[in-house]
Amino acid sequence: MTDKEQKVMIDGHEYLLSSLSDEAKAQITNLRVVENEIAQLKARLAIASTAKMAYQNALKNALPVDTH
């Protein structure tokens, strides 16, 4: 084992990546893909939320002014 060998932390336990089964490695890959997808979706949601606020403000500015 070298210090540069990749390790993963799972439920508070550290594992050498090279010691894991192919199935475990595949599941780690799946988790990384899903985590990346979630991050992308959160970014898209933030963009959409910002756009929504801008449209709401534009609508308020487009409404007639109540003079009563």
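Rules of the game
- Residues numbered from 1 in each chain as written.
- Predicted model: local features only at pLDDT ≥ 70, side-chain atom pairs only at ≥ 80, totals over all residues.
- Heavy atoms only, no water.
- Helix = DSSP H or I, 4+ residues; strand = E, 2+ residues; numbered from the N terminus.
- Buried < 20%, exposed > 50% of the residue type's maximum accessible area, 1.4 Å probe, protein only.
- Areas by Shrake-Rupley, 256 points an atom, 1.4 Å probe, with all protein chains shown as cover.
- Lys, Arg positive; Asp, Glu negative; His and termini not counted.
- Charge placed at Lys NZ, Arg CZ, Asp CG, Glu CD.
- Salt bridge = Lys/Arg side-chain N within 4 Å of Asp/Glu carboxyl O.
- Pairing = 2+ DSSP bridges.

Moving on: the overall build of the protein. Along its length, the protein carries one helix and two strands. The linear arrangement of helices and strands in the protein, starting from the amino end, is β-β-α. When its C-alpha atoms are laid out on the principal axes, the protein stretches across 80 × 20 × 20 Å. Across the 68 residues that make up the protein, the buried fraction comes to 6%. For the protein, the accessible surface area stands at approximately 6,300 Å², while carbon and sulfur atoms represent 58% of it. Measuring between centres, the 8 positive side-chain charges of the protein sit 8 Å from its 9 negative side-chain charges.

The full count for this structure, using the stated rule, is one salt bridge. A salt bridge links Lys7 to Glu14, with the shortest nitrogen-to-oxygen separation between them at 3.8 Å. The class for Glu14 is exposed, based on a relative accessible area of 51%.

Okay, the pairing of strand S1 (residues 7-10) next. Across four bridges, the pairing between S1 and strand S2 (residues 13-16) is antiparallel. Bridging from a neighbouring strand, Met9 pairs with Glu14 of S2. The hairpin turn running from S1 into S2, its antiparallel successor, is two residues long, and Asp11 in that turn takes a positive phi close to 50 degrees.

So, about unusual backbone geometry. Positive phi outside glycine occurs at Asp11, with the angle close to 50 degrees. Relative to the helices and strands, Asp11 resides in the loop between S1 and S2. Given the relative accessible area of 74%, Asp11 is considered exposed.

Within the secondary structure, Arg44 sits in helix H1 (residues 22-62). Classification of Arg44 by relative accessible area gives exposed; the value is 57%. A sequence separation of 39 residues divides Arg44 from Glu5, and the C-alpha atoms of the two residues are 35 Å apart.

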